[in-house]
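A structural walkthrough
Chain by chain, the residues:
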Amino acid sequence: MSWETVIGIEVHVELSTESKVFCGCRTKFGADPNTQVCPVCLGMPGVLPVLNRKAVEYCMKAALALNCEVSGRTKFDRKNYFYPDLPKAYQISQYDMPIGKNGWMDVEVDGKAKRIGIRRVHLEEETGKLIHAGDDITSAASSMIDFNRCGIPLIEIVSEADIRSADEARAYLVKLRSILLAIGVSDCKMEEGSMRCEANVSIRPEGSKEFGPLTEMKNIASFKAVYKAIEYESARQAKVLESGGEVRRQTRHWDDAKSETVFMRSKEQAHDYRYFPEPDLVPLEIDRGWTETVKASIPELPDQRKARYMADYGLAQREASLISDDTDLSGYFEKGLEAGAEAKALANWMTGELAAALNASGTEIASSKVGPAQMAELLGMVAGDEISGKTAKDVFAEVFLKGGSPRKMVEAMGLGQISGEEELRKAALAVIEANPGPSADYVSGKENAIMFLMGQLMKATKGRANPKVANQLLKQELDGRKKNV
Amino acid sequence: MELYEFGVGQLAEAFEKGAASPSEALSSVLERIGELEGEVHAFLLTDEEGARKKAKEADGLWAAARKGGARPAPLAGVPYVLKDNICTNGIRTTCGSKMLEGFVPPYDATVAGKLSGSVLLGKSNMDEFAMGSSTENSAFGPTRNPWDTKAVPGGSSGGSAACVSAGFAPFALGSDTGGSIRQPASLCGVVGLKPTYGRVSRYGLVAFGSSLDQIGPFARSVEDAALVFEAISGHDPKDSTSSPRPVPDMRKACKKGVKGMRIGLPREYFAEGLDPEVKDLVMGAVEELSAGGAEIVEVSLPSSMYGLAAYYLAATAEASSNLARFDGIRYGFRAPGAKDVVSAMKKTRSHGFGDEVKRRIMLGTYVLSAGYYEAYYNKALKVRRVLKEEFDEAFGKCDAIAGPTTPEVAFRFGERTEHPLSMYMSDIYTITANLIGIPAISVPCGLSKGLPVGLQLAARAFDEETLFAAAAEVERGAGFAGRIPGRIGGASR
């Protein structure tokens, strides 16, 4: 039987406001433990939250950039549960009146456009961070709590269950990150935990309209892990169903080292969060004027960027969308242009040679040793006929491994293209001399033989011969012999 | 007249004129406390050293003012007491609970900051986490009623009420979630005000029912209560629910009289369950109001009977969440011998909370549970809306609503502890003001069997002026202002 995977994604993003969402504490990452705390974010008895309007604005901005309706009247609710990193034993969140709802985002996978619904975007507070002297909270000899993170504003972005493959899931996340970075509301660093995601995965027979019981997957710490976790989980569910078993609604933990999901809890063990309206905050009214002001502050988003790349630089739809959807790629692209690279060649190299090298080596583009300036330098040498395309690829591979300037590499290794007539004529004569048969063939009218001779010439010059000039000279020499016959 | 018998206004006047100094006033109340606290047990903590230091500072301020210097705050140097659920920087704050036995807050409640010129004597006893109507739920033993030490002082702010009644302090602050200021004020024969929700900052008040809680004053006269109310109210940027409305001159309001004021008597408040003597005294006070020129009208608040039920859903729901933070992890009591974090939390909460608090946490947790939210919590919200509509209608016909503060005078220790519902009934008249956020005051209107009876007045939101005007009229009629029981303890032994 053939199965369809149905995926919904929840993303939590820490907002990069200066201060926390309900108190004035700083939000700097990496400060000494418990140095950015006060009675309010420590949830001490009797203290009260005061809403940070900047955090509301950032949430509105994200919601608007994701084409959400931004609610006129909204409120906050308490989500109650006990955990040592949650000092009030409730998280101030939004239950039934999120700041943004009913939005969407378009992604492109394998050249096909797809619209993914955004169910809601809401504002809440971050929890503290536990550090265990041991494996986990139950087996640790002791645990320490750092409350610096506690109370940092967080937005939760919940997609509709519109995603159908691990590829789509990755495209969704890449573009979401790109949008959030473009509007500047978060640094979206998965490694620092400022962007986290959970995937809800279920499968159903191809063509079915019903949803299967879903698995909620936690602890997914990179885009690659999202991909792997979804692939793993849909295969696992298919296996269960195909062997006559039953998939039950549950929460599973992604173990990245083992590349598998592990059972955490069943639906029956799920928390009852006992949501109710937060009585310490008054309902929040977002008027039209405020929404319009926030809307006006949204800069160019990936979709607009894509349109610009196509119109201004003549990029193909696929390349344009690949580059514009990923902030790192578009950042690279634009820096490359600034450094003087020709747009189409740059896009070509980025989606070809560079993408392949990054993939093969597992490197992020941000840490590529061939940065945008090096790339521009390399492409400049190709455009100026200083090196051949073949040499460029070799130089690229070399710089990608070792770093440094492509031009210096070419100079140091004597890889510059040979365009000098004298030198090339010498080489041509030597090839004719060494290959009397093919030369005679050409002279006797089998002009195709020139291909072989060119190949020999390139080989002799280690690919450095300017092919145009070399070809011309070979022909000149051989044609001269025709007359002599 | 001893200095401990002076009211707030009288002390300020004496300080201003140089007839007495804050240190002298302090010595007088400390002596009084030393003499009688053993009988009353109104305090959980006294801070004599801090008080002496503060009084000395105030001596200097008033002396400087007499020499033409800046006038100090109106309550500068006046001794007072805070209920022990109001946080005080560097001074232990227990909420009457073992859970916070050793808790010393590193911050002041906003009201404590506003009274920083006054002389804090200490922290008063209360029902644990403000849950109760007799102070019998204090983890540190009950407070006794100064009028009869075999009777309860009411609660939950019983310690503050008893302090003011016994002459330990000219004023005290309490908190009122369902009657916790007005009911003990009534039982102890003092004035107690629950301000409009949002009038007084809740910052630093350990939360019980956040949408109901309000801090307010106890004093031995209406005018003193007005002075204190003025000093502690006003907008606070640290409390999002506090109102930006300006606070008018309340002292003036006390002298306004009731001519032309319409006083509503809800017929439901005078039905069964009301002690006949209490009823007579209340009606006598209403006649005084009428004699003062007020027009008495009958009003109806048919849904009042649902108030108690709605209250015990809303307040417990909020309490279950508010009290969840007491887990022994970061501060306060932690039960020893736990194996892991879950058992540490369970043990701490099992041993740290008393029975009534546990009862309410369980009730509140249930009320908010999946599948019950609509039937209980949401229903309570609906009752609150209906009550508000009924009061709005009543306030179309009258300016203030009058009735008894409680159905009976102070009851004896142990009388109601076995029957939580009978205890809850003592708040039947006070609870609606919290549910809809309006201000209400209890003012003494006489003695029944030697125990004080309070009349309650409620007004429209933010109309404390009307309350003070009417309460002052009742006070003049009853001749109760400034009254302190003649003998404490001995009378009933």
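Residues numbered from 1 in each chain as written. Chains lettered and ligands numbered in written order. Predicted model: local features only at pLDDT ≥ 70, side-chain atom pairs only at ≥ 80, totals over all residues.

1. A word on the overall build of chain A
Rules: A run of H or I in DSSP counts as a helix once it spans at least four residues, and a run of E counts as a strand once it spans at least two, with each numbered from the N terminus. As a reference, a globule follows 2.2 Å times the number of residues to the power 0.38, and the radius of gyration itself is taken over C-alpha atoms. Note on burial: count the other C-beta atoms lying within 10 Å of the residue's C-beta; 20 or more is buried, 12 or fewer is exposed, in between is partly exposed, and C-beta positions come from the backbone.
Of regular secondary structure, chain A possesses 15 helices and 16 strands. Relative to a compact globule of 485 residues, whose C-alpha radius of gyration would be 23 Å, chain A shows 30 Å and is clearly more extended. Seen through its principal axes, chain A has C-alpha atoms that stretch 105 × 55 × 50 Å. With 485 residues in all, chain A has 40% of them scored as buried.

2. Quick word on the interface of chain A and chain B
Which entries qualify depends on this criterion: Contacts here follow a simple rule: the backbone-placed C-beta atoms of the two residues must lie within 7 Å. Classification convention: Asp, Glu, Lys, Arg as charged; Ala, Val, Leu, Ile, Met, Phe, Trp, Tyr, Cys, Pro as nonpolar; all other residues, Gly among them, as polar.
On the side of chain B, 34 residues touch chain A, which itself brings 27 residues to the contact. In terms of residue class, the side of chain A that touches chain B is made up of 18 nonpolar, four polar and five charged.

3. A look at the pairing of strand E14 (residues 260–266) of chain A
Residues and elements named next belong to chain A. For clarity, the threshold we go by: Strand pairing is assigned whenever DSSP identifies at least 2 bridges connecting the two strands.
Strand direction decides the pairing type here: strand E13 (residues 250–255) and E14, joined by six bridges, are antiparallel. Across the sheet, the residue bridging to Asp255 is Glu260, located in E14. Connecting E13 to the antiparallel partner E14 that follows it, the hairpin turn spans four residues, and Ser259 within it adopts a positive phi of roughly 55°.

4. With respect to the sheet that holds strand E3 (residues 119–124) of chain B
In a beta sheet, neighbouring strands are held together by backbone hydrogen bonds and run either parallel or antiparallel to one another. Residue and element names in this part refer to chain B. Spelled out, the test is: Between N-to-C directions, angles span 0 to 180 degrees; the directions come from axes that are lines fitted to C-alpha atoms, helices contributing only their stretch in contact.
What the 11 strands build is an open sheet, ordered E1-E3-E2-E4-E6-E5-E10-E11-E9-E7-E8; its pairing is mixed. Edge positions in the sheet fall to strand E1 (43–46) and strand E8 (295–299), since each has one partner strand and no second. Geometrically, the sheet is characterised by an average inter-axis angle of 30° between neighbouring strands, direction not taken into account. Packing of helix H5 (residues 158–166) onto the sheet brings it into contact with E1, strand E2 (79–83), E3, strand E4 (171–176), strand E5 (191–194) and strand E6 (214–219), and relative to E4 it is tilted by some 155°.

5. With respect to the nonpolar core
Operational definition: Residues of type Ala, Val, Leu, Ile, Met, Phe, Trp, Tyr and Cys that are buried and joined through C-beta atoms within 7 Å form what is called a nonpolar core.
Core analysis: the biggest nonpolar cluster contains 234 residues, and A:Cys59, A:Ala199, B:Val191, B:Ala400, B:Leu457, B:Ala470 and B:Ala471 have the highest contact counts within it. Tallying contributions element by element places helix H1 (residues 53–65) of chain A first for this core, with nine residues. What B:Ala471 contacts, discounting residues up to four positions off in sequence, is B:Val191, B:Val222, B:Ile441, B:Val443 and B:Leu457. Core analysis: the second largest hydrophobic core is formed by 29 residues, A:Met375, A:Leu378, A:Val395 and A:Val410 among them.

6. Some words on the packing of helix H7 (residues 327–338) of chain A against helix H9 (residues 372–383) of chain A
A pair of packed helices can be characterised by two numbers: the angle between their axes and the separation between those axes. Residues and elements named next belong to chain A. In plain terms, the rule: The labels follow the angle: roughly parallel below 35 degrees, roughly antiparallel above 145, roughly perpendicular from 65 to 115, and oblique for the rest. Helix crossings get a hand from a simple test, with the near helix turned counterclockwise from the far one by less than a right angle marking a left-handed crossing and a clockwise turn marking a right-handed one.
The interhelical angle for the contact between H7 and H9, taken along N-to-C directions, is 50°, at an axis separation of 8 Å. Taken together, the axis directions place H7 and H9 in an arrangement best described as oblique. Seen along the crossing, H7 lies across H9 with a hand that is right-handed. Judged by residue contacts, Tyr332, Lys335 and Gly336 of H7 engage Pro372, Met375 and Ala376 from H9. Of the residues that constitute the contact of H7 with H9, the class distribution is four nonpolar, one polar and one charged.

7. Here we look at unusual backbone geometry
Here the amide bond leading from B:Gly155 into B:Ser156 is cis, since omega sits at 10°, within 30 degrees of zero. Residue position: B:Ser156 is located in the loop between E3 and H5. The backbone of A:Asn67 shows a phi angle near 60°, a positive value even though the residue is not glycine. Turning to its location among the elements, A:Asn67 is positioned in the loop between H1 and strand E2 (69–70). Unlike most non-glycine residues, B:Lys449 shows phi in positive territory, near 55°. Here B:Lys449 lies in the loop between strand E10 (440–448) and strand E11 (451–459).

8. Points about the environment of B:Met283
Along the chain, the position of B:Met283 falls in helix H9 (residues 276–291). Sequence separation between B:Met283 and B:Pro404 is 121 residues; the distance between their C-alpha atoms is 9.0 Å.

9. Details of the domain arrangement of chain A
Stated precisely, the cut-off is as follows: Here the limits of each domain have been adopted from an automatic or database domain assignment.
Taken as a whole, chain A is organised into domain 1 (3–295), domain 2 (300–412) and domain 3 (421–484). Its C-alpha centre places domain 1 of chain A at a distance of 66 Å from the equivalent point of domain 3 of chain A.

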